[in-house]
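# A structural walkthrough
Okay, here's what each chain looks like letter by letter:
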Amino acid sequence: MKTLNKEQLIHLDTFLLSHYQLKYDEVREEVVDHIACEIEEKIAIGASYEEAFKVTLSKWNGTLRSSTMGIYSGIPNFIAKQMMWSDLKNQVRGILLIGVLLWTNDFLQVVNDLLIAKLSLILSIVTVIGIWGTLFYLKKEDSLRMTFYKTQLSGVFLCSLIISTVALFNTNYLTESFNVFPNTVLAFITLMTGMFATDFIRKLWKEHKRILMS
């Protein structure tokens, strides 16, 4: 089967960069490989490069357009959907586990209010340190997924700082008759934040490993 020549590959690469703003090399290279294969298949059955290019790009148009789905806005649709389902799966599983854990504690009263506040404070501080360390170490690395998860981690970092302040206040001023903020809610938010941070950090290191191996 006839393969695309250098000039045709450059034309395809340039078109994807200018028309769809696929500025990240790893994303554009993946798309170029897929589209080039489809163009070559059409050329093999008699189409010209121009005809094959037009038909194939028409098919890929919706896939390559930027997503408008919330935090995934601006990311090509085919990547946004991959990331969204991966994130959603982990997050739903984590939320259910956290809910069961707190419901069990509320039923069995294993951990009291003051200890919950202290544990929330410790976990939120650990989360802040973990996020800061990860962002600092990986600050020079850049890719689509790197940029996305760094942005999300920055938001989680801010949430963790707020949680640390609330947990510190609860730890110092909690009495039997006065509760600054419901500690069960505080624990839920703290665990949720820690779960999001852990998931995003794991994906950042996975991307870091991919970049090192490429």
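Read on for an overview of the structure. (Residues numbered from 1 in each chain as written. Predicted model: local features only at pLDDT ≥ 70, side-chain atom pairs only at ≥ 80, totals over all residues. Heavy atoms only, no water.)

## Remarks on empty space enclosed by the protein
Selection rule: Buried and open spaces are told apart on a 1 Å grid over the protein atoms alone, a cavity being a set of points where a 1.4 Å probe fits but cannot get out and a pocket being an open set with protein on both sides within 12 Å along at least five of seven lines. Residues with an atom within 4 Å of a point are the lining residues. Grid points are joined across faces, edges and corners, and a volume is the space filled by probe spheres set on the points. Helix numbering and strand numbering both begin at the N terminus, where a helix is a DSSP run of H or I of at least 4 residues and a strand a DSSP run of E of at least 2. Any residue that is not Ala, Val, Leu, Ile, Met, Phe, Trp, Tyr, Cys, Pro, Asp, Glu, Lys or Arg is counted as polar, Gly included; the first ten are nonpolar and the last four charged.
Per the counting criterion, the structure on display carries one cavity of 30 Å³ or more. In this structure, the largest cavity encloses a volume near 30 Å³. Mapped by element, the contributors of at least two residues to the lining of the largest cavity are helix 4 (77-108) and helix 7 (183-213). Class assignment for the residues of the lining of the largest cavity results in three nonpolar, three polar and one charged.

## Side note on the nonpolar core
Spelled out, the test is: Side-chain atoms within 4.5 Å link the members of a nonpolar core, which is a set of buried Ala, Val, Leu, Ile, Met, Phe, Trp, Tyr and Cys residues. Each residue is placed in one exposure class: buried if its accessible area under a 1.4 Å probe, protein chains only, is under 20% of its type's maximum, exposed if it is over 50%, and partly exposed if it falls in between. Here, two residues are considered to be in contact whenever any of their heavy atoms come within 4.5 Å of each other.
Leu12, Leu16, Val31, Ile35, Ile39 and Leu64 are the most contacted members of the largest nonpolar core, which totals 37 residues. At the level of elements, helix 1 (6-20), helix 2 (25-44), helix 3 (49-64), helix 4, helix 6 (144-173) and helix 7 are the ones that each hand at least two residues to this core. The element contributing the most residues to this core is helix 2, with seven residues. Ignoring any residue separated from it by four or fewer positions in sequence, one finds Ile39 in contact with Leu4, Leu12, Tyr49, Ala52, Phe53 and Thr56. Judged by nonpolar contacts, the second largest core, of seven residues, contains Leu102, Ala187, Met192 and Met195.

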